[in-house]
Amino acid sequence: MSEPATFAFDAESEVKITKILAKYPSGRQASAVLPLLDLAQRQMGRLTGSAWVPRVAMDVIAARLGMAPIRVYEVATFYFMFNTKPIGKYHLQVCTTTPCWLRGSDEVTAACRRATGIKGWRETSEDELFTMTEVECLGACVNAPILQVDDDFYEDMDAAKTEALIEALRRGEKPKPGSMAGRQGSAPEGGPTTLLDVPAE
Amino acid sequence: MKVTVDGIEVEVPPGSNVLQACEAAGKEVPRFCYHERLSVAGNCRMCLVEIEKAPPKPFASCAYPAADGMVVHTDSPMVRAARRGVMEFLLINHPLDCPICDQGGECDLQDQAVGYGMDHSRYAENKRAVRDKDLGPLVKTVMTRCIHCTRCIRFSTEIAGVPELGATARGENMEVGTYVEKALSSELSGNLIDICPVGALTSKPYAFVARPWELTKTDSIDVMDAVGAAIRVDTRGPEVLRILPRLNEDVNEEWLADKSRFAIDGLRRRRLDHPWVRQGGKLVKATWNEAFDAIRNRLTGLDGTKIGAISGDLCDVESMVALRDLMVALGSPNLDCRQDGAALDASRRDFYTFNSTIAGIEEADALLLIGTNPRIEAPLINARLRKRWLQGEIPVALIGEAADLTYKVEMLENRPSTLAAIAAGTHPFAAVLKAAKKPMLILGQAALTRPDGAAVLAQAWALAASCGMLTPDWHGFNVLHTAAARVGGLDVGFLPGVGGRDAAAMLAGGVDALWLLGADEADVTKLPASTFVIYQGHHGDRGAARADVILPGCAYTEKEGTWVNTEGRVQRGQRAGDPPGQAREDWAILRAASAVLGRTLPYDTVAALRCSVETRHPVLRNLDILPRSGCSDTSGPASRGTLSDAPFCAAISNYYMTDPISRASATMAACTEAHSGKAMAAE
């Protein structure tokens, strides 16, 4: 996929833009640059299967918010979550910060590579289905290691579960996010271990 | 507010920062990101100082407000250690390539590393490398050297008004650039080179040309537009290698427009370095005597009224006076310094000058632009207008061709009748001007070079009078010139005498012999073949192509001369280099010609000539000083003809090529190509 020649927000996005812009006082519309970049990225994902922000989209946002285009480029390139290059349909974001690493993020990464054929970070698989990115702490350390796919956290991962998840995604399925070890939230595996003497009411 | 810096007590105005207080105390504070004319970024951390009774940490003095009774130390052990640490961090990634860096010898980082850094490096790791950016034909980038002070970003956003530079990505990956590869669309881009504290942004045409210590520096005055910016001409031997701005708060502050800075390679190309005489239809190299003989043969016996002279846009006052004196001696009333035919009225000085003054722009609170694009005609005045606009958005309206002036402009209907409507008070903008305390208008040359120029001038004055621009303590009527020589020419009366012909009449064949003093923008195509044309100037341009005799003169960097800027400020340029070949100073050529013609002019030195000029034109005595005055007499210039209905168009189509020097410049040609290409791509 290459840089599109034009970009325009579709009707679905326009409804959201109206709501977003209403949040800011007049003359401060530039504050909406982050939500609009996010909206543009989601629209690209929805319409083309690759959630990224092309330059023309940044220009459209700049014109919309009365900003110089370079100010939008600065914001979009500063935040890691905005993809300024095309990505695959599924964005595999592996947390490799210490707790996840201690709990086996290396195996998750290796499984991602095996299952998708991707060699390094920020690369996209040949079938353009997967892009693998290394991310910093996702804030779900109790359920480490975490593999974030687009917006969803898949927790308590290991190599086998990762490969199974990727295969399911490849088939077009959407496994339920959350703990893959079957626990509820971040409750202990195999049921409660404390407060056992509290009588049920 | 009293602040004590290293034991020295100084008084600073409220709102000052600690760094300014240190400077007031005469203490040097190293800095990279801080710049007096830019917003405070506070990101280089080099200006750290220690403040007593504050948290025990070093403070970035540029971003810390001074307070009454504050005690500051700029040279304590903690400050020294902190600066050494900052410098060490800056040098983690900055290459030590000073020997091949054009900034070497005038580099803030180099100087401050010697002054405040360590004597060795503790880093064995590789330095980061950054891809260079293409910012067009003027600014060369070596982005690996960038220390991310963001001065260039702030300059282009704030001063130049073209927010195109930015810092993309972050942390180790942060890069300064345009993100989209493009030439900077600013006429002030050369200033990025000056404000860059390292060698990241350097001059592309000057790359690897010279070292600063090899250069002879001569203070002079710029003539590429009518602003009269203060410049420093750097030469090595006879060659002008670069031009830099000098500080002049009243005119250019510390900035310089690109044409003034980069057109200098035009001083070496297409130069006239010896006299030429047309023989049998072809120009043939000649000696000075042969050239003068040819002139004498043609002019002898010719009636004075059949001889005329037109002076060009770059002429100094001295040579114009010498030519006028020669013409008067020959009995000719046919003189004109307005080769574009601008209907300027020289009967009173405030009819043709920028009366509010450039510095006075900062006091104005409403602005009307008429037939002008100051961004192209005088980029530095436009920068001042933008500065005023940034201080508090003032109403600005334009009657003329639409253009991006880098500030908000209300477009009024582009017809001369709009002027009449505002003057009559029937137009809504009249109320805006009347409500303002110090309203001003700027009348461009495009509004005066039209057939109804005189009527436009009179109407503009009437507008100024009716909208409260002309008061005893404020003069809001301003003519913006494009030619450096124009105000000087009008001051010394280089104009048709009684019964004399103006430039248009002379160019239509009204005279049999025409002396062009550097006049290259005059349309010589309509001259009859029989007209004898003497071209005196420095470049083989349009005037020389039509000439029968060519007398090689000096460019502005090669002679000492007086120029009067659009404000009426009298300034003197100095000789920085020698003219090529047999070229001579223009007043001396005219003095020699007068002797050959038997009408010897009564001065033998430039000092004697200048003395004579100042005796006859006392206004030219006030060198560099321009007393600002209000308008004591509101009676306006005489009107001729009626206003037409034609819209005002642009005075200059291509900023980069307006005179013989810039037309000869390869750098300016590259700029023309870069910017016209971009305009086409945008369409």
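Residues numbered from 1 in each chain as written. Chains lettered and ligands numbered in written order. Predicted model: local features only at pLDDT ≥ 70, side-chain atom pairs only at ≥ 80, totals over all residues. Heavy atoms only, no water.

Caption draft 1: Structural context of a nonpolar patch on the surface. A surface patch of nonpolar side chains, about 460 Å² in accessible area, is lined by Leu34(A), Phe78(A), Tyr79(A), Phe80(A) and Met81(A). Of the residues examined, Leu34(A) reaches a relative accessible area of 34% and is grouped as partly exposed. (Patch = residues over 30% accessible without salt bridge, like charges linked within 9 Å, V, L, I, M, F, W, Y side chains within 5 Å. Areas by Shrake-Rupley, 256 points an atom, 1.4 Å probe, with all protein chains shown as cover. Salt bridge = Lys/Arg side-chain N within 4 Å of Asp/Glu carboxyl O. Buried < 20%, exposed > 50% of the residue type's maximum accessible area, 1.4 Å probe, protein only.)

Caption draft 2: Region of the structure containing the interface of chain A and chain B. With 11 residues of chain A in contact, the opposing surface of chain B contributes 14 residues. Taken over both partners, the interface formed by chain A and chain B buries close to 990 Å², and the fraction arising from carbon and sulfur atoms is 62%. For the pair chain A and chain B, the number of links is zero salt bridges. The interface formed by chain A and chain B includes five residue pairs in polar contact (both at pLDDT 80 or more). Of all the elements in the fold, those that place two or more residues in the side of chain A that touches chain B are helix 3 (55-65) and helix 4 (69-78) of chain A. The biggest single contributor to the side of chain A that touches chain B is helix 4 of chain A, with six residues. Class assignment for the residues of the side of chain A that touches chain B results in six nonpolar, two polar and three charged. (Contact = heavy atoms within 4.5 Å. Buried area = accessible area lost by both parts, 1.4 Å probe. Polar contact = N/O pair within 3.5 Å; in protein donor to acceptor, adjacent residues only side chain to side chain. Helix = DSSP H or I, 4+ residues; strand = E, 2+ residues; numbered from the N terminus. Nonpolar A, V, L, I, M, F, W, Y, C, P; charged D, E, K, R; others polar.)

Caption draft 3: Spatial organisation of the pairing of strand 13 (residues 276-279) of chain B. Residues and elements named next belong to chain B. Summarising the sheet, strand 13 and strand 14 (residues 282-285) pair through four bridges and their orientation is antiparallel. Across the sheet, residue Gln279 finds its bridge partner in strand 14, namely Lys282. Of the pairings in the sheet, the one linking strand 13 to strand 26 (residues 549-552) comprises two bridges and is antiparallel in character. Across the sheet, Trp276 pairs through a bridge with Ile550, a residue of strand 26. (Pairing = 2+ DSSP bridges.)

Caption draft 4: Here's a closer look at the nonpolar core. Residues and elements named next belong to chain B. Residues Val3, Phe32, Val72, Phe155, Ile381 and Tyr556 are the most contacted members of the largest nonpolar core, which totals 110 residues. By residue number, the principal contributor to this core is helix 10 (residues 379-391), which donates five residues. Look past the residues within four positions of Tyr556 in its chain and what remains in contact with it is Ile221, Asp222, Val223, Met224, Ile231, Ile243, Ser260, Ile264, Leu267, Trp563, Gln574 and Ile661. Among the nonpolar cores identified, the runner-up in size contains 82 residues, and Val277, Leu419, Leu517 and Trp587 belong to it. (Core = buried A, V, L, I, M, F, W, Y, C linked by side-chain atoms within 4.5 Å.)

Caption draft 5: Representation of the side chain of Thr109(A) within the structure. Here Thr109(A) shows up in helix 6 (residues 105-116). Every residue in contact with Thr109(A), bar those within four places of it in the chain, is listed here: Val94(A), Thr96(A), Trp121(A) and Met132(A).

Caption draft 6: Highlighting the pattern of salt bridges. All chains considered together, the criterion is met by 70 salt bridges over all chains. Linking Arg71(A) and Glu74(A) is a salt bridge whose minimum nitrogen-to-oxygen distance equals 2.9 Å. Taken together, the positions of Arg71(A) and Glu74(A), both in helix 4 and three residues apart, correspond to about one turn of that helix. Two residues, Glu253(B) and Arg384(B), come together in a salt bridge whose shortest N-O distance is 3.6 Å. Of this pair, Glu253(B) sits in the loop between strand 12 (239-245) and helix 6 (258-262) while Arg384(B) sits in helix 10, placing them 131 residues apart in sequence. Both residues of the pair, Glu253(B) and Arg384(B), belong to the buried class. One network of salt bridges, with partners in common, ties together Arg37(B), Glu249(B), Glu253(B), Glu254(B), Glu362(B), Arg384(B) and Lys387(B).

Caption draft 7: Just unusual backbone geometry, in detail. With omega at -5°, the peptide bond leading from Ala144(A) into Pro145(A) counts as cis. Considering the arrangement of structural elements, one finds Pro145(A) in the loop between strand 3 (130-135) and strand 4 (147-149). In this structure, Arg45(B) is a non-glycine residue whose phi angle is positive, near 65°. Note on Arg45(B): relative accessible area 39%, which makes it partly exposed. Non-glycine residue Arg270(B) carries a positive phi angle of around 55°. You can call Arg270(B) partly exposed: its relative accessible area is 46%.

Caption draft 8: Inspection of the sheet that holds strand 13 of chain B at higher detail. Residue and element names in this part refer to chain B. Reading across from one edge, 14-13-26-25-24-15-16 is the order of the seven strands in this open sheet, with mixed pairing throughout. With partners counted over all chains shown, the strands left at the sheet margins are strand 14 and strand 16 (334-336), one partner each. On average, each strand axis in the sheet is tilted by 15° relative to the strand beside it, whichever way the strands run. Summarising the sheet, strand 24 (residues 513-517) and strand 25 (residues 532-537) pair through five bridges and their orientation is parallel. Residue pairing for strand 25: Ala513 is matched across the bridge by Phe532. Strands strand 15 (307-311), strand 16 and strand 24 of the sheet are contacted by helix 15 (residues 503-510), whose axis makes an angle of about 130° with strand 15. (Axes fitted to C-alpha atoms, helices over the stretch in contact; angles between N-to-C directions.)

Caption draft 9: Examining the environment of Ala447(B) more closely. Residues and elements named next belong to chain B. Its location among the elements puts Ala447 in the loop between strand 20 (439-443) and helix 13 (453-466). For the pair formed by Ala447 and Ala342, sequence separation is 105 residues and the distance between their alpha carbons is 8.4 Å. Setting aside chain neighbours within four positions, we find Ala447 in contact with Ile370, Gly371, Gly453, Val456 and Phe648.

Caption draft 10: Summary view of the confidence of the model for chain B. Residues and elements named next belong to chain B. Confidence along chain B averages 94 in pLDDT terms, with 99% of residues attaining 70 or more. Contacts for the low-pLDDT stretch residues 679-683, under 50 throughout, to residues beyond four places or in other chains number zero contacts. Both scores are given for the predicted complex: the pTM is 0.93, the ipTM 0.88. (pLDDT = per-residue confidence, 0-100.)

Caption draft 11: Examining helix 4 of chain A more closely. By the criterion of burial, helix 4 of chain A is predominantly enclosed, with seven of the 10 residues buried. The complete set of buried residues in helix 4 of chain A reads Ile70(A), Val72(A), Tyr73(A), Glu74(A), Val75(A), Ala76(A) and Thr77(A). Lining the buried residues of helix 4 of chain A we find helix 2 (33-48) and helix 3 of chain A together with strand 7 (166-168) and strand 8 (175-177) of chain B.

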